[in-house]
Each structure stands twice: as structure tokens, then as C-alpha cells.
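Given next are the chains, with one letter for each unit.
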Amino acid sequence: MSTPPQPPQPADQPAQRPPQPQQQPAVPPQPTAYPYPNPQSPPPGTFHAQPTLAAQPAPGQPQPGNPYAQAPQYGPVPPAGGGGAGRAVLWAAVGAVVASAAWVAGVLLIGGRSDSADLRGYSAPSNMCSSADYSSFKAEYTENDSSPTRTSLKDKALDESYCSVGLKKSGSSYADAYLTMQLDLHKKTDPAPEFTATWKNYGDSHTGYDVDPVEGIGDEAYLVSQDTTNGSSSSGSRYATLAVRDGWVTYTMSYSVYLTSYDEDKDPPALTDVTDWLKTDAKATLRQFQD
């Protein structure tokens, strides 16, 4: 806009400045659906040369406008410098790498190498049937099982020894009850969380069983039992398992008897007697498997 001519001024008076138009507050550009830059954008011919985040506009060069961006409400938005964004991305990447490395190191450390397993001097016998102590039951079941079932396992992750014995009273032709024993040495992973989840909550996943914690055996122990005989001598069953964890070693000892009209044994031991025998024999067995 050109300046309007001024009237002549007397020589002895200083020239009067023309009145300046009142400064209007800057109005931020409004969004528009027009597909080309608005009047506040760079002059035609340059709007297609958009600067990237990594490069700043040259001095004096107006900032290109975005025809679809919402206009700022409280003044212009400061330009985003490429250096700051780059550093943010770099630090985010470095943080991810450090976190991943820490996670891997934690897995390798906590995962349980063989030299960190808490075995507490236990060793698994090759023949559990001849090594385990179940003498408390032999007073009731005097006949020996001539062919018990036994297995053993030796591996870098797990040592295991298992035995299943048929219990027979004097004069019985077949087994009147059954006793199983299993020792596991976990050499790579800590069994504690799964052991607790399995045995402490046994009653939640198996209807009709009683679960009681047992003190004085290992780090934790649970007695799981069920009696469905209801005083009958011809039907039902009695079942009891003592599960023990001592460090990374677990031991289970289970008794079961089933009554039918065909069974010779009509007078199995009371469940309270069985649970006492399990506790006594489990303690004795764990002592002799520990160096």
C-alpha cells in the first residue's frame, strides 16, 4: 500500500507524521478445505518444497502452512526442530535396547542354571521301591509286593525316582491298597510357584477333597484326603496324599484303597491312621535321601 501525499508544512515547524492506522490483532489462520495453501502460506511456486523435520527453514523463509491443520488458539506453535525429535527417537531406541538386555540377563539369571538349583543335598535313588521308607504301613499290610512298579530318570533338567507298591494284608491273594512315592529334583527351574498352586488349591479343581497345610516337613507341605466310604464296608474309597517341597525338591506319597463286594479286605485302616503314617514315613524318607 502506498502512502497518501502529505500537505505542505511550514518551514519553521517539524514535519508531522501521518496518523498510523490502528494495529489490528493478528488473527490466526483458519482451517479451510481449499486444497492449496492459504494466504499466510509461502508465495506460489514454493509451497511444494516442504521442509522436513530434520531441516529448518532458511532464515527469512516463511513457515509453510498446512491447509488441514487446526489453527492454534493462543498464538503460533513453535517450529519442531529436527535435532530434538531425532534425539528423542535415539534415546527411545537406546532405552528399548537396554531394557531388552536387562530382561534377557534376568531370564538367564533367574531361570535357574544347574549350579544355582536349591537341591539341599538330595539325590534321587535308582530304585525308589527299595530305598523309600514306608515301614508304618507294613504293620498293617504285612505281605510284600513281589513285583512293584518303579522308574527313574536322570537328566540335566530333572532327576526323578518313582515307585508304586501293592499293599496286601496277611492271607490276601491280591493287593488290598496301593502306595505310590515320587521324588523329583528340579535342576533348572524353581518348582515353588506351581507346587503351591497345584496342592494348596487342590480342592478348587477337585471336588470333595480336603486340603490341609502340614507344618514341620520341608518348606511347605499339604495333605489332600477324601473318604467316600461313609462307614460302609462294601463300597467307596479312601485316599490321601502328602505333597512336600523342600527347596527345589518335591516329594509325594499317596495311599488309596477301594472297597467293592469283591474285595477281600472289609476293614481298611482309618483315614486318620493313614495320614499319620504318611507324615512319619515321608520325614524318614527325605532324611535318608539327603546327604
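Throughout what follows, the structure given in this document is the object of discussion. (Residues numbered from 1 in each chain as written. Predicted model: local features only at pLDDT ≥ 70, side-chain atom pairs only at ≥ 80, totals over all residues. Heavy atoms only, no water.)

Here we look at the environment of Phe 137
The criterion, for reference: Helix numbering and strand numbering both begin at the N terminus, where a helix is a DSSP run of H or I of at least 4 residues and a strand a DSSP run of E of at least 2. Residue exposure (1.4 Å probe, protein chains only): buried if accessible area is under 20% of the type maximum, exposed if over 50%, otherwise partly exposed. Two residues form a contact once any of their heavy atoms are found within 4.5 Å.
With respect to the element layout, Phe 137 can be found in helix α3 (residues 135–138). A relative accessible area of 0% places Phe 137 in the buried class. Linking Phe 137 and Asp 273, residues 136 residues apart in sequence, is a C-alpha distance of 9.6 Å. Residues contacting Phe 137, with those up to four places away along its chain left out, are Leu 167, Leu 179, Met 253, Tyr 255, Val 274, Trp 277, Leu 278 and Asp 281.

Let's talk about the sheet that holds strand β4 (residues 210–213)
Quick note on the threshold: When DSSP finds at least two bridges between two strands, those strands are taken to pair. Under this scheme, a helix contributes an axis fitted over its contacting stretch, all axes are lines through C-alpha atoms, and angles between N-to-C directions fall in the 0 to 180 degree range.
As summarised here, the arrangement of the seven strands in space is β1-β2-β3-β7-β6-β5-β4, forming an open sheet in which the pairing is antiparallel. Each edge of the open sheet is held by one strand with a lone partner, namely β1 (149–154) and β4. Looking at each pair of strands side by side, their axes are set apart by 10° on average, direction ignored. The sheet contact formed by strand β2 (residues 158–167) and strand β3 (residues 177–186) spans 10 bridges and is antiparallel. Paired with Glu 160 across the bridge in β3 is Asp 184. The strands touched by helix α4 (residues 192–200) within the sheet are β4, β5 (220–227), β6 (236–246) and β7 (249–259), with β5 carrying the most contacts at an inclination of about 25°. The strands that helix α6 (residues 271–288) touches are β3, β5, β6 and β7; relative to β6, the one it contacts most, it runs at about 30°.

Examining the environment of Leu 223
Topologically, Leu 223 is positioned in strand β5. Residue classification places Leu 223 among the buried residues on the basis of a relative accessible area of 8%. Distance in space between the C-alpha atoms of Leu 223 and Tyr 202 is 9.9 Å, their sequence separation being 21 residues. When sequence neighbours within four positions are dropped, the list of residues in contact with Leu 223 reads Asp 210, Val 211, Asp 212, Val 214, Thr 241, Leu 242, Thr 275, Leu 278 and Lys 279.

Observations regarding the state of the cysteines
Two cysteines joined by a covalent bond between their sulfur atoms form a disulfide. The following threshold applies: Cysteine sulfur atoms are paired as a disulfide whenever they fall within 2.5 Å.
If you walk through the whole model with that rule in mind, you get one disulfide. The disulfide bridge from Cys 129 ends at Cys 163, spanning 2.0 Å between sulfur atoms. Here the disulfide of Cys 129 and Cys 163 is right-handed, its torsion about the S-S bond being about 105°. Highlighted residues: Cys 129 in helix α2 (residues 128–131) and Cys 163 in strand β2, separated in sequence by 34 residues. On the accessibility criterion, Cys 163 (0% relative accessible area) is buried.

A few points about the pairing of β7
Summarising burial for β7: nine of the 11 residues are buried, a large majority. In terms of strand pairing, β3 meets β7 through eight bridges, oriented antiparallel. Of the residues in β7, the one forming a bridge with Thr 180 is Ser 254. Across 11 bridges, the pairing between β6 and β7 is antiparallel. Note on β7: the bridge partner recorded for Val 244 is Tyr 251.

By themselves, these observations are geometric and do not establish any function.
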